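If you want the building blocks of each chain, they are given just below.
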Amino acid sequence: MSLKETQETESRLLLTTYERYPVFFTEGEGVHLIDENGNRYLDLLSGIGVNALGYGHPAVEQAIVEQARKLIHISNLFFHGGQAELAQRLTKASGMDRAFFCNSGTEAWEAALKLSRAYAAEQRGCGKTLGTKFLALENSFHGRTMGSVATTHKAKYREPFEPVMPGVEFVRFNDVDDLKAKFSTEVCAILLEAVQGEGGVRPISQEFMIAARELTRSTGALLVIDEIQAGLGRTGKWFAYQHYGLQPDITTIAKPLAGGLPLGALLCKQAVAEAFHPGMHGTTFGGGPLVCAAAVAVMDTMEQEHLLEHVTEVGTYFRKKLEDLASKHDCIVDVRGLGLMLAIELSSAAQAKETLACMMQKHILINRTHETVLRFLPPYILSKADVDTTVQALDEIFTEQGAEIAHAHAGGHVG
C-alpha cells in the first residue's frame, strides 16, 4: 500500500486514537527511518523511547530469527529458558529480587498497583496499620488502562473514563511539604517517575525522592517508581532511580526492553513479592520465548558495547549543545533531562508545534509533549555528529522564526 491508500483504508477501519503524521515509513537503519520514497529521517524519537539499539541491530535480529525457528510462544503454565535468563540480568541491574513479565508498560504498572494493595492487605493481616490509598504526582503519566489512568494526572486522560479507580490523590510536583501533608497510614504506596516523561521530561528532585523514601519506611508503605520511559539505560544508568542513591520497593520497565518487541516487567523486593500467590495475577503472552530472547540480546549488547557510558557521554554533549542554543534564542525557557532523555521547553505551544513541523521538513523526528516541550528520546547509539545535525537544524528554525517575529513587529510599528 502507498501512503494515500493506507490513509484511506485506516480512515474507514481504524479507531481514531492517533493523529498520524503524513509519512509512510518502510524500513529503518541505525538511527534513521526510511520512507516509501527513500528519504532518510534522523530519528530522535525511537518509537517513543523503544528502539534503544536503533533499527536493524544485528544482535537483536539474530536473536529474533534464531528463537523464532525454535519456539515463539508457550503458555506460562510451562517452563522455558527465556524468563529465567532475563530475570537474572534485570535483578542484577536493578538491585531487585523478583520479576514479573507482561506485554507493556501499562500492564506492568497495573501489576504494581495490584501488588501494592495485596502487600498492604497482608501487612494489615499481621496487625499493621496500612490503608489502600495511593499518592501520585501532578503531571504524572503511567499508562492508559483503567488503573494506570487513575494514577495519571492530566485530566484529558482520566475524565472521559470516569469513574476511574478510587483512592488516588495527587501531590504537587517536587513539593516536599505537600507530600508530607498528604501522607498518612492510609497510604499503601507513593507512586512516581524518577524523570517524568509525558509530563515534560522533569526529573524528581533529590530532596523529594529522599522524603518519599523516608515517609514510606516510616509506615511500611511502598515506594513504587515508574521507569517505563527512563529505565534500562535511557539516563546513563540501568535505572534512573540509581542517580538518587536509593532503592524502591517496586519498579516497572517496558519501552526499550526487547528492542522493539512488546515486553514489560515489574521488578520488586522479596518481601513484597510474597504478597502474590499463584492465580492472583497472570498474563497469556507476557514473557514469551521470542521477546525474552530479544531482551537478553538488548541487555547483553548494551554491556558489550558500553552503551551506558556512551549514553552519558553523548547525552552530556547533547545537553550542553541545547544549553548553548538556549543562550542564543530567548524562545527556549528551559533545558532539562538526563542522559538521552532530554527536552527544551519553549515559550509558546504554537511555536513548539511549528518547530516540530519544521524539523520534520528537515527530516528529523522529535515530538512535543506537555504542549510546549520538545522531547528527545533517540536510540542509545546516537553519535555526536547526529547531535550537531539536530542542533544546527533547531538553530536555523529558531533564527528564522525570530526574524519573522521581528519583521511582524516592525511592520506593526510602521503601520
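Residues numbered from 1 in each chain as written. Predicted model: local features only at pLDDT ≥ 70, side-chain atom pairs only at ≥ 80, totals over all residues. Heavy atoms only, no water.

Trainee: So what exactly am I meant to see when it comes to the overall build of the protein chain here?
Mentor: A count of helical and extended segments in the protein chain gives 14 helices and 17 strands. For the protein chain, the C-alpha radius of gyration of 22 Å lies close to 22 Å, the compact-globule estimate for 415 residues. A burial count over the protein chain gives 51% of its 415 residues as buried. In the protein chain, 72% of the contacts between residues at least 6 apart in sequence involve partners at least 24 apart. (Helix = DSSP H or I, 4+ residues; strand = E, 2+ residues; numbered from the N terminus. Rg over C-alpha atoms; globule rule 2.2 N^0.38 Å. Buried < 20%, exposed > 50% of the residue type's maximum accessible area, 1.4 Å probe, protein only. Contact = heavy atoms within 4.5 Å.)

Trainee: What is the right way to read the environment of glutamine 206 from this model?
Mentor: Following the sequence through the fold, glutamine 206 ends up in helix H9 (residues 206-219). Separated by 32 residues in sequence, glutamine 206 and asparagine 174 have C-alpha atoms that sit 9.1 Å apart. The contacts of glutamine 206, once residues within four sequence positions are left out, are His243 and Tyr244.

Trainee: Mind showing me how you'd approach the sheet that holds strand S17 (residues 373-376) here?
Mentor: One key point about sheets: their strands pair by backbone hydrogen bonds, in either a parallel or an antiparallel sense. In space, the four strands of this open sheet follow the order S13-S14-S17-S16, with antiparallel pairing throughout. Each of the sheet's edge strands pairs with one partner strand only, and the pair in question is strand S13 (332-338) and strand S16 (367-369). Taking each pair of neighbouring strands and ignoring which way they run, the sheet shows an average axis angle of 30°. By the bridge criterion, three bridges tie S16 to S17 in an arrangement that is antiparallel. Residue pairing for S17: asparagine 367 is matched across the bridge by arginine 375. Most of the contacts of helix H12 (residues 307-328) go to S13, to which it runs at about 175°, and overall it touches S13, strand S14 (341-346) and S17. On the sheet, helix H13 (residues 349-361) packs against S14, S16 and S17 and is oriented at approximately 160° with respect to S16. (Pairing = 2+ DSSP bridges. Axes fitted to C-alpha atoms, helices over the stretch in contact; angles between N-to-C directions.)

Trainee: Looking at this model, I keep getting lost on the packing of helix H4 (residues 81-94) against helix H11 (residues 289-304). Mind explaining?
Mentor: Two measures define how a pair of helices packs: the angle their axes make with one another and the distance between the axes. At their nearest, the axes of H4 and H11 sit 9 Å apart, and the two run at 35° to each other. As H4 runs across H11, the sense of the crossing is left-handed. In this structure, H4 uses Gly82, Gln83, Glu85, Leu86, Arg89, Leu90 and Ala93 to contact H11, whose residues at the interface are Cys292, Ala295, Val296, Met299 and Asp300. Its residues assigned to classes, the contact of H4 with H11 shows seven nonpolar, two polar and three charged. (Left-handed = near helix turned anticlockwise from the far one by under 90°. Nonpolar A, V, L, I, M, F, W, Y, C, P; charged D, E, K, R; others polar.)

Trainee: Mind showing me how you'd approach helix H1 (residues 3-13) here?
Mentor: One turn of the α-helix equals 3.6 residues, which is why residues spaced by three or four share an orientation. Of the positions making up H1, those classed as buried are Leu3, Thr6 and Thr9. All buried residues of H1 project into a common sector of 130° when viewed along the axis, lining one side. Turned more than 90 degrees away from the buried face of H1 sit Lys4, Ser11 and Arg12, all of them exposed. (Arc of directions from axis to C-beta.)

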